[in-house]
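Read off the chains here:
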Amino acid sequence: MSRREWKSEIRTTAEIFLVIFLVTAIAVTVSTLLLLHNANADRAQLLRYATPTFFNVLFLTFLYTAVYMAWRYFTVVKAARKIQSALSRMTSGDFEVKLDLSETYGNLAPIAAGVNVTAEELKSVETLKTDFLSNVTHELKTPLAGLRLWCELTDEHNVKENAAKELQLIEKMETLVR
């Protein structure tokens with residue numbers, strides 16, 4: 001993980017922690033105050049319960065944050081890394097990539113399916129390109145072979161004075177076609 005990603009992950013974790021802390025603090029504080037108000041507690045009793053309530057809120061916040069981060073890691077981060085790895089392989093020219101959609105991708109499942117479709121399409125385009133180049137090479141070799149034969153025959157019979165130059169040109173063209 002790069003330094004930038006690490007900072008982003010810490011920032012995200014801190015934001016999540018803060019939100020969970022505030023929600024838990026409000027919920028626990030309001031419930032505690034309502035309970036003590038209904039029990040007709042005085043100010044001293046309210047202050048006595050304030051510190052343990054704060055630490056309970058802090059503990060619950062850490063617990064909720066840990067559970068959330070574990071859930072996030074296993075459902076989002078892990079799946080995103082697999083998709084990122086597959087895309088890197090595709091960028092390198094490996095179109096045999098196939099993400100197993102039976103694994104848990106959560107909300108990223110449509111993206112994983114899209115990566116699989118893209119890999120299949122790119123693989124078929126690569127096959128078409130290879131076939132096209134093979135066909136073009138074959139189609140060019142046939143007339144060049146005829147021209148070569150004609151130049152060799154004219155060179156043998158001294159019919160044309162530029163036959164040797166033309167033969168060299170045809171040989172250069174043949175090396176390009178290969």
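The paragraphs below set out a description of the structure included in this document. (Residues numbered from 1 in each chain as written. Predicted model: local features only at pLDDT ≥ 70, side-chain atom pairs only at ≥ 80, totals over all residues. Heavy atoms only, no water.)

**Considering the environment of Thr 53**
Relative to the assigned elements, Thr 53 resides in helix H2 (residues 43-91). Take Thr 53: its relative accessible area is 14%, and that puts it in the buried class. Distance in space between the C-alpha atoms of Thr 53 and Ala 25 is 8.7 Å, their sequence separation being 28 residues. (Helix = DSSP H or I, 4+ residues; strand = E, 2+ residues; numbered from the N terminus. Buried < 20%, exposed > 50% of the residue type's maximum accessible area, 1.4 Å probe, protein only.)

**A few points about the nonpolar core**
Judged by nonpolar contacts, Ala 79, Ile 83, Ala 86, Met 90, Val 97, Leu 99, Leu 108, Ala 112, Val 115 and Ala 119 together constitute the single largest core of 10 residues. Of all the secondary structure elements, the ones that give two or more residues to this core are H2 and helix H3 (109-156). Ranked by residues supplied to this core, first place goes to H2 with 4 residues. (Core = buried A, V, L, I, M, F, W, Y, C linked by side-chain atoms within 4.5 Å.)

**A few points about the side chain of Asn 116**
As for its placement among the helices and strands, Asn 116 is situated in helix H3. Under the relative-accessibility criterion, Asn 116 is labelled buried at 5%. Not counting residues within four places of it along the chain, the set of residues in contact with Asn 116 comprises Val 97, Lys 98, Leu 99 and Leu 101. (Contact = heavy atoms within 4.5 Å.)

**Some details on H2**
For H2, which comprises 49 residues, the first-to-last C-alpha distance of 67 Å matches the rise-based estimate of 72 Å (1.5 Å per residue) to within 8%. The largest bend in H2 amounts to roughly 45 degrees and is located at Tyr 73. Once H2 finishes, Gly 93 follows within two positions and takes phi at roughly 100 degrees, a positive value. (Expected span 1.5 Å × (residues − 1). Bend = angle between axes of the 7 residues up to and from the residue.)

**Side note on the packing of aromatic side chains**
Inspection of the entire model under this criterion finds 1 aromatic pair. Ring plane angle 40 degrees and centroid distance 5.6 Å describe the contact between Tyr 68 and Trp 71, whose orientation is recorded as tilted. Residue Tyr 68 and its partner Trp 71 are both found in helix H2; the two are separated by 3 residues, about one turn of the helix. A relative accessible area of 31% places Tyr 68 in the partly exposed class. With relative accessibility at 48%, the residue Trp 71 sits in the partly exposed group. (Phe/Tyr/Trp six-rings, centres within 6.5 Å; stacked < 30°, edge-to-face > 60°.)

**Some remarks on the pattern of salt bridges**
One pass over the full model with this rule turns up 4 salt bridges. Between Asp 94 and Arg 89 there is a salt bridge, and its shortest N-O distance comes to 2.9 Å. Lys 123 is the salt-bridge partner of Glu 120, the closest N and O atoms lying 3.5 Å from each other. One end of the pair is Glu 120 and the other is Lys 123, both in helix H3 and 3 residues apart, which spans about a single turn. The exposure class assigned to Lys 123 is partly exposed, which follows from its relative accessible area of 25%. Linked through salt bridges whose partners overlap, the residues forming this network are Glu 96, Glu 120 and Lys 123. (Salt bridge = Lys/Arg side-chain N within 4 Å of Asp/Glu carboxyl O.)

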